[in-house]
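Below are the chains, spelled out letter by letter.
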Amino acid sequence: MFKSLLVLSFVLVFSAVALAQNKSIYTSLAAKKCKTLDVNKGMAGNYSGRCAGVAGYQLDVYLDDERNSVGVVWPSKRVVGLDLWNHFGGFSELGETAEWRMKGKQPVALIVRLKVSDRGEGKPPTSYLIVSKIDYVDACVTDIVKPGKSQNAIAQRLAESATTRPCKKTE
């Protein structure tokens, strides 16, 4: 009897935790999958494009002076730039996938990879995961996860609480 109650309690707790967790949907940030908005504006090599997202949201991708960033586009077409280039001094490159963390049908967080040339010339870039919160009117970077064997899991855990976390100050 005690063993059955213990198992039932575990199942109920596990089910409640599983229901509370956000789900992931992945979309592409690859230039070939995005619509080009502008090229070479201000400087040769600059680019901006609009990529598919989820639930009516989209992402704008930006390349300016060999530094990358993204902007969140609401269904209303309002755009909020995450200004990733203000968090790092070096040249950067976006990963090709965005991870949207969904609560039901609403995106509540975004995770993107940013490879930053911050280790000196000739050395490989550092691959960070950038966690941003998304609410009904705003978005901002909340966490920057350094490389490590649990980097993805850490970023997803931080995304779970992103809506309650403060915006990260830029350098």
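Check the entry above for the structure.
We now turn to the structure provided with this report. (Residues numbered from 1 in each chain as written. Predicted model: local features only at pLDDT ≥ 70, side-chain atom pairs only at ≥ 80, totals over all residues. Heavy atoms only, no water.)

Section: the sheet that holds strand β1 (residues 23-28)
Read across the open sheet, the five strands follow the order β1-β7-β8-β9-β10; overall the sheet is antiparallel. Two strands in the sheet have a free side with no partner beyond their single neighbour: β1 and β10 (139-145). Going from strand to strand, the sheet's axes swing by 25° on average, the running direction of each strand aside. Both strand β7 (residues 92-103) and strand β8 (residues 106-116) contribute to a ladder of nine bridges, which runs antiparallel. Within β8, the position partnered with Ser-92 by the bridge is Val-116. Most of the contacts of helix α2 (residues 151-160) go to strand β9 (residues 126-134), to which it runs at about 15°, and overall it touches β1, β7, β8, β9 and β10. (Pairing = 2+ DSSP bridges. Helix = DSSP H or I, 4+ residues; strand = E, 2+ residues; numbered from the N terminus. Axes fitted to C-alpha atoms, helices over the stretch in contact; angles between N-to-C directions. Contact = heavy atoms within 4.5 Å.)

With respect to the layout of surface pockets
Space inside the largest pocket adds up to approximately 240 Å³. Taken together, Leu-29, Ala-30, Ala-31, Tyr-47, Val-61, Leu-63, Asn-68, Glu-93, Leu-94, Gly-95, Glu-96 and Lys-115 form the lining of the largest pocket. Residue assignment for the lining of the largest pocket shows that the elements contributing at least two residues are β4 (58-64) and β7. Examining the composition of the lining of the largest pocket, we find that four residues originate from one element, β7, more than from any other. Volume-wise, the second largest pocket comes out at about 200 Å³. Elements with a minimum of two residues in the lining of the second largest pocket: β7, β8 and α2. Residue composition of the lining of the second largest pocket, by class: six nonpolar, four polar and three charged. (1 Å grid on protein atoms, 1.4 Å probe; cavity = no way out; pocket = protein on both sides within 12 Å on 5 of 7 lines; lining within 4 Å. Points joined across faces, edges and corners; volume = space filled by probe spheres on them. Nonpolar A, V, L, I, M, F, W, Y, C, P; charged D, E, K, R; others polar.)

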